[in-house]
Amino acid sequence: MIAMSEINQMNNNQNLRYESSLDEGKCNRKSSILESFNPYSSRSIDLGNGQLIGGGNFQTIAGPCSVEGEHIFELASFLSSCGVTILRGGAFKPRTCPDSFQGLGKTGLDLLAQAGKANNMLTISEIMSERDLDLYQDIDILQVGARNCQNYSLLKELGKSNKPVLLKRGMATTVDELLSCARYITQAGNDRVILCERGIRTFETKTRNTFDVSSIASLHNECDFPIVADPSHATGLSNLVAPCTLAAMGCGADGIIVEVHENPEQALSDKDQALTPDEFQKLMHDVDALHNFLTR
Ligand code: PEP
Ligand code: MN
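Residues numbered from 1 in each chain as written. Chains lettered and ligands numbered in written order. Predicted model: local features only at pLDDT ≥ 70, side-chain atom pairs only at ≥ 80, totals over all residues. Heavy atoms only, no water.

**Quick notes on the overall build of the chain**
Then comes step 1: A count of helical and extended segments in the chain gives 10 helices and 10 strands.
Then comes step 2: With 296 residues in all, the chain has 49% of them scored as buried.
Then comes step 3: When contacts within the chain are restricted to residue pairs at least 6 apart in sequence, long-range pairs at least 24 apart make up 68% of them.
Then comes step 4: Accessible surface, the chain: about 14,100 Å² in total, of which carbon and sulfur atoms supply 49%. (Helix = DSSP H or I, 4+ residues; strand = E, 2+ residues; numbered from the N terminus. Buried < 20%, exposed > 50% of the residue type's maximum accessible area, 1.4 Å probe, protein only. Contact = heavy atoms within 4.5 Å. Areas by Shrake-Rupley, 256 points an atom, 1.4 Å probe, with all protein chains shown as cover.)

**Here's the deal with the sheet that holds strand β8 (residues 193-197)**
Then comes step 1: A barrel is described by the order of its strands in space; here eight strands give the closed sequence β3-β4-β5-β6-β7-β8-β9-β10, paired in parallel fashion. Direction aside, the axes of adjacent strands within the sheet are offset by 25° on average.
Then comes step 2: Both strand β9 (residues 227-229) and strand β10 (residues 255-259) contribute to a ladder of two bridges, which runs parallel. Bridge pairing links Ala229 to Ile256 in β10.
Then comes step 3: Strands in contact with helix α7 (residues 214-222) are β8 and β9; relative to β9, the strand with the most contacts, it is inclined by about 175°.
Then comes step 4: Docked against the sheet, helix α10 (residues 277-294) engages β3 (59-63) and β10, running at close to 175° with respect to β3. (Pairing = 2+ DSSP bridges. Axes fitted to C-alpha atoms, helices over the stretch in contact; angles between N-to-C directions.)

**With respect to the site of ligand 1**
Then comes step 1: With respect to spatial proximity, 13 residues lie near ligand 1, and among them Arg88, Lys93, Ala146, Lys168 and Arg198 are the closest.
Then comes step 2: In the model, an oxygen atom of ligand 1 is placed 2.9 Å from a nitrogen or oxygen of the Lys93 side chain.
Then comes step 3: With respect to ligand 1, the side chain of Gln143 contributes an N or O atom lying 2.9 Å from an oxygen atom.
Then comes step 4: Taken by itself ligand 1 offers 290 Å² of open surface, and the protein chains cover 97% of this. (Near = heavy atom within 4 Å. Polar contact = N/O pair within 3.5 Å; in protein donor to acceptor, adjacent residues only side chain to side chain.)

**Some points on α10**
Quick reminder: α-helices carry 3.6 residues per turn. Residues three or four places apart thus point the same way.
Then comes step 1: Taking 1.5 Å as the rise per residue, α10 with 18 residues should run 26 Å; its terminal C-alpha atoms sit 26 Å apart, in good agreement.
Then comes step 2: Of all the residues in α10, the buried ones are Phe280, Leu283, Met284, Val287, His291 and Leu294. Along α10, the residues classed as buried sweep out an arc of 105° about the axis, all on the same side. Opposite the buried face of α10, at more than 90 degrees from it, the exposed residues are Asp278, Lys282, His285 and Asn292. (Expected span 1.5 Å × (residues − 1). Arc of directions from axis to C-beta.)

**Digging into the pairing of strand β5 (residues 122-126)**
Then comes step 1: Counting buried positions over the five residues of β5 gives five, a clear majority of the element.
Then comes step 2: The alternating pattern of β5 places Leu122, Ile124 and Glu126 on one face and Thr123 and Ser125 on the opposite face, and all of these are buried.
Then comes step 3: Taken together, the three bridges between strand β4 (residues 86-88) and β5 define a ladder with parallel strand orientation. Across the sheet, the residue bridging to Ile86 is Leu122, located in β5.
Then comes step 4: Remark: the β4/helix α4 (residues 106-118)/β5 crossover connection has right-handed handedness.
Then comes step 5: Sheet topology note: the β5/strand β6 (residues 141-144) ladder contains three bridges and is parallel. Within β6, the position partnered with Ser125 by the bridge is Leu142. (Right-handed = clockwise from strand over helix to strand, strands pointing away.)

**Some thoughts on the packing of helix α6 (residues 175-187) against α7**
The description of two helices packed together rests on the angle between their axes and the distance between the axes.
Then comes step 1: Look at α6 against α7: their axes get within 11 Å of each other, and the N-to-C directions meet at 50°. In terms of orientation, α6 and α7 fall into the oblique class. As α6 packs across α7, the resulting crossing turns out to be right-handed. Along its contact with α6, which presents Val175, Asp176, Leu178 and Leu179, the element α7 presents Ser215, Ser218, Leu219 and Glu222. (Parallel < 35°, antiparallel > 145°, perpendicular 65-115°, else oblique. Left-handed = near helix turned anticlockwise from the far one by under 90°.)

**As for the environment of Phe78**
Then comes step 1: By the secondary structure assignment, Phe78 is in helix α3 (residues 71-81).
Then comes step 2: Apart from the residues lying within four places of it in its own chain, the contact partners of Phe78 are Pro277, Phe280 and Gln281.

**Side note on the pattern of salt bridges**
When charged atoms on two side chains of opposite charge get close, those side chains can pair.
Then comes step 1: On inspection of all chains with the given rule, the structure shows eight salt bridges.
Then comes step 2: For Lys106, the salt bridge goes to Asp110, with nearest N and O atoms at 2.9 Å. Remark: Asp110 and Lys106 occur in helix α4; sequence separation between them is four residues, near one turn of the helix.
Then comes step 3: Among the ionic pairs, Lys168 bridges to Asp230, the shortest N-O distance being 2.6 Å. Residue Lys168 is found in strand β7 (residues 165-168), and its partner Asp230 is found in the loop between β9 and α8 (231-235); the two are separated by 62 residues along the sequence. (Salt bridge = Lys/Arg side-chain N within 4 Å of Asp/Glu carboxyl O.)

**Thoughts on the packing of helix α5 (residues 152-159) against α6**
Then comes step 1: For the pair α5 and α6, interaxial distance at closest approach is 6 Å and the crossing angle is 40°. Between α5 and α6, the angle falls in the class oblique. Only Cys181, Tyr184 and Ile185 of α6 make contact with α5, whose side of the interface consists of Tyr152, Leu155, Lys156, Leu158 and Gly159.
Then comes step 2: Across the contact of α5 with α6, the residue classes break down as six nonpolar, one polar and one charged. (Nonpolar A, V, L, I, M, F, W, Y, C, P; charged D, E, K, R; others polar.)

Have a look at this one:
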């Protein structure tokens, strides 16, 4: 049995150790994690319009899950006023249930493109089939959704396109498999690929998916593609979007893609995870503060 006096002595030694390391100036933040792990090691990619992502250029991509109509104009204008330069919005939606809102299709793409132009923003929208490529002429960035991550014929076709591709991780795709998927695009000639962690399927039911934040750090060690995090689909819950965004940034995310809706209750898809404009404004404040800290 250890006597109390021994415990006190151990505590004293412990305190002495802390004090001496402080005295010697060893408690130096720069010599810790940020020195051994460069969170911004990806190469930068030009997304168009002079907008870069990667290599220290952080981007917040935001917009509704689905383009639902004219609402996209006001929302785009609000997001632009918050400093967002890339507008997201689905038009061809991969819904689990065929009875759910499937998106506005071509009309949705046109509205998104117009709202983007009106606010000097780039646009990104999910493409589900290579047969639709012609419809995406006015969209700047092509998004491959989780469900199509391993759709090799789609990936090969997008490899021939001259638009950047944001490739989301499949819900049951390993990090290595995701990297192989990216190579389908690059080998076909398109090296403007951005990877996206959007959560994976696990036994956990508290969140829509399990946000595999470690994959972001891991991918940075394996490749130089910019990595984006999608805390909206990863969690499925609006109140978890902010903390998971900050965690992703700590692991070196080069950007986030976030769902925002002017009235989440009324959203035609993914209403539980959409941020209100107010919530988004607060998130932007935190993102800026953490970005400044990480790049100081
Ligand atoms: C989306 O971004 O709207 C979407 C459907 O995401 P995911 O492919 O990650 O489910
Ligand atoms: Mn969605």
